[in-house]
Amino acid sequence: MRVLLIAAIIFTLIHFIRIDLVEGTIPSRPLIEEPQACEDETYSITVTSIDNDTIQSLFALYPDHETTLLDRLTKFYSLNPHLQKQEIVGGEKIKLPMSSIQTTNCVE
């Protein structure tokens, strides 16, 4: 019984040492720093759909006069990619793009 316990302890120690050597406990910084990637973020509002809702009915309830329908549909499908191949189901949370506020997201 002692042999099994000692073997389990040794196996656990070897496993932790191997993980520490492979992945490291302190993540290293990259030698070459990449420039910050900035991308425009689309402002959106989250709405809960009801039965028999369509994209056109949601756009009519929450109008956006600054963008065209084609641009708004493109942004809509980028925010909700799961709706490209299925219809809107009642009770689902959907993000609607609004162009009134554009924010810039810079990743460090």
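Scroll up to find the structure.
Computed from a prediction, not measured in an experiment: that's the story for all the values here.

Colleague: What is the right way to look at the environment of L73 in this model?
Modeller: With respect to the helices and strands, the residue L73 is situated in helix α3 (residues 69-79). Contact partners of L73, with chain neighbours within four places excluded, come to I55 and F59.

Colleague: Quick question: what am I supposed to make of helix α1 (residues 2-23) here?
Modeller: Each α-helix winds once per 3.6 residues, and so residues spaced three or four apart point in a common direction. End to end, α1 covers 32 Å across 22 residues, agreeing with the expected 32 Å (1.5 Å per residue, within 8%). Taken across its 22 residues, α1 has zero buried, putting it largely on the surface.

Colleague: What am I meant to see in the side chain of E92 here?
Modeller: Relative to the helices and strands, E92 is located in the loop between α3 and β2 (93-107). Buried within the structure, E92 lacks any salt-bridge partner; K93 is the closest side chain of opposite charge, at an N-O distance of 11 Å. Looking at E92, its side chain comes within polar contact range of the side chain of H82, at 2.8 Å. Among the polar contacts listed, one links the side chain of E92 to the backbone nitrogen of V89, at a separation of 3.3 Å. Those residues in contact with E92, other than ones at most four positions away along the chain, are V47, T48, S49, H82, L83 and Q86.

Colleague: Looking at this structure, I do not really get the packing of aromatic side chains. What am I missing?
Modeller: We describe a pair of aromatic rings using the distance from one ring centre to the other and the angle between the two ring planes. Under the definition given, this model contains two aromatic pairs. The interplanar angle of 85 degrees and the centroid separation of 5.8 Å between the aromatic rings of F59 and F76 together place this pair among those described as edge-to-face. Of this pair, F59 sits in helix α2 (residues 55-61) while F76 sits in helix α3, and the two are 17 residues apart along the sequence. Look at F59 and you get buried, because its relative accessible area is 9%. In this structure F76 comes out as buried when scored by relative accessible area, which is 0%. The cationic tip of R72 hangs over the ring face of F59; the distance from NZ or CZ to the ring centre is 4.3 Å.

Cut-offs and rules
Residues numbered from 1 in each chain as written. Predicted model: local features only at pLDDT ≥ 70, side-chain atom pairs only at ≥ 80, totals over all residues. Heavy atoms only, no water. Helix = DSSP H or I, 4+ residues; strand = E, 2+ residues; numbered from the N terminus. Contact = heavy atoms within 4.5 Å. Expected span 1.5 Å × (residues − 1). Buried < 20%, exposed > 50% of the residue type's maximum accessible area, 1.4 Å probe, protein only. Lys, Arg positive; Asp, Glu negative; His and termini not counted. Salt bridge = Lys/Arg side-chain N within 4 Å of Asp/Glu carboxyl O. Polar contact = N/O pair within 3.5 Å; in protein donor to acceptor, adjacent residues only side chain to side chain. Phe/Tyr/Trp six-rings, centres within 6.5 Å; stacked < 30°, edge-to-face > 60°. Lys NZ or Arg CZ within 6 Å of the ring centre and 35° of its normal.

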